[in-house]
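The chain contents come next:
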Amino acid sequence: DTAVSQTPKYLVTQMGNDKSIKCEQNLGHDTMYWYKQDSKKFLKIMFSYNNKELIINETVPNRFSPKSPDKAHLNLHINSLELGDSAVYFCASSASGVGYTFGSGTRLTVV
Amino acid sequence: GQNIDQPTEMTATEGAIVQINCTYQTSGFNGLFWYQQHAGEAPTFLSYNVLDGLEEKGRFSSFLSRSKGYSYLLLKELQMKDSASYLCAVRGSDYKLSFGAGTTVTVRA
């Protein structure tokens with residue numbers, strides 16, 4: 001069983017569309033994260049949830065809205081997609097900030 | 001905040017040793033991690049240091065000096081499969097993990 005799974009793996013969409021990426025972890029971790037990796041391979045944290053509560057919210061456009069229905073799921077919804085949103089988005093989870101496990105990534109391409 | 005520096009690229013020969021340095025400046029320190037990332041894949045955990053000294057795990061070792069804000073990852077007996085990006089990451093007092101830009105290691109036959 002995949003520990004941290006995110007869908008879809010690839011997403012190609014037009015500018016202005018709204019899209020969602022889903023993430024689920026079966027590790028029993030209490031904290032989940034969204035990271036963005038740009039073309040220069042730099043991994044930057046976007047959001048973090050601990051037991052369904054938002055604890056980290058970096059400087060991210062408010063077009064990005066995370067939602068955590070329970071501590072095993074953290075979804076990312078993006079409104080009005082822009083070309084600059086093209087990147088690989090990684091979901092991760094940890095047990096109170098110890099030992100991060102990453103999902104396989106979602107490659108988003110905005111055309 | 002965190003400021004993490006590591007070299008962009010390194011090249012080494014199969015069977016050799018490579019040392020990847022990482023320096024950091026942080027407002028709060030709660031551990032340093034090294035991750036390996038192959039092209040198109042997720043980062044995978046390699047090592048964790050929270051106290052000064054050397055942690056050895058098979059062919060990979062990681063060293064930390066908190067007073068110097070310095071760590072290195074040592075890869076021994078390099079294999080072709082070790083060609084990847086190596087990410088240094090610092091966990092702050094808020095438990096947020098911040099990454100460096102990564103070092104791309106190319107292993108040549």
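Fair warning: this is a prediction, and the values are worked out from it, not measured in the lab.

Re the pattern of salt bridges
If you walk through the whole model with that rule in mind, you get six salt bridges over all chains. Of the charged contacts in the structure, one is a salt bridge between D85 of chain A and R63 of chain A, with a shortest N-O distance of 2.8 Å. On the criterion of sequence distance, the pair formed by D85 of chain A in the loop between β8 (73–78) and β9 (87–95) and R63 of chain A in the loop between β6 (53–57) and β7 (64–70) is long-range, its members being 22 residues apart. With respect to burial, D85 of chain A and R63 of chain A carry one shared label: buried. A salt bridge links R66 of chain B to D52 of chain B; its shortest N-O distance comes to 3.0 Å. With R66 of chain B in the loop between β7 (60–65) and β8 (70–75) and D52 of chain B in the loop between β5 (44–49) and β6 (53–57), this residue pair connects regions lying 14 residues apart in the sequence. When salt bridges with common partners are traced through the structure, they connect R63, E82 and D85 of chain A into a single cluster.

Some details on the pairing of β7 of chain A
Sheet topology places β7 of chain A next to β8 of chain A; five bridges connect them, and they run antiparallel. From the neighbouring strand, F64 of chain A faces β8 of chain A, where its bridge partner is I78 of chain A.

As for the packing of aromatic side chains
All chains considered together, the criterion is met by 19 aromatic pairs over all chains. Residues Y35 of chain A and Y100 of chain A carry aromatic rings whose centres are separated by 6.5 Å and whose planes lie at 70° to one another, so their mutual orientation is edge-to-face. With a gap of 65 residues between them, Y35 of chain A in strand β4 (residues 31–37) and Y100 of chain A in strand β10 (residues 98–102) connect regions that are remote in the sequence. Each of the two residues, Y35 of chain A as well as Y100 of chain A, counts as buried. Ring centres of Y35 of chain A and F99 of chain B lie 5.5 Å apart, and the angle between their planes is 90°; this geometry places the pair in the edge-to-face category. Taken together, the residues Y35 of chain A in strand β4 and F99 of chain B in strand β10 (residues 97–99) connect one chain to another. Classification of Y35 of chain A as buried rests on a relative accessible area of 0%. Given a relative accessible area of 5%, F99 of chain B falls into the buried group. Among the aromatic residues, those joined into a cluster by ring pairs are Y33, Y35, F90, Y100 and F102 of chain A together with F33, Y35, F45, Y48 and F99 of chain B.

Reading guide: rules and limits
Residues numbered from 1 in each chain as written. Chains lettered and ligands numbered in written order. Predicted model: local features only at pLDDT ≥ 70, side-chain atom pairs only at ≥ 80, totals over all residues. Heavy atoms only, no water. Salt bridge = Lys/Arg side-chain N within 4 Å of Asp/Glu carboxyl O. Helix = DSSP H or I, 4+ residues; strand = E, 2+ residues; numbered from the N terminus. Buried < 20%, exposed > 50% of the residue type's maximum accessible area, 1.4 Å probe, protein only. Pairing = 2+ DSSP bridges. Phe/Tyr/Trp six-rings, centres within 6.5 Å; stacked < 30°, edge-to-face > 60°.

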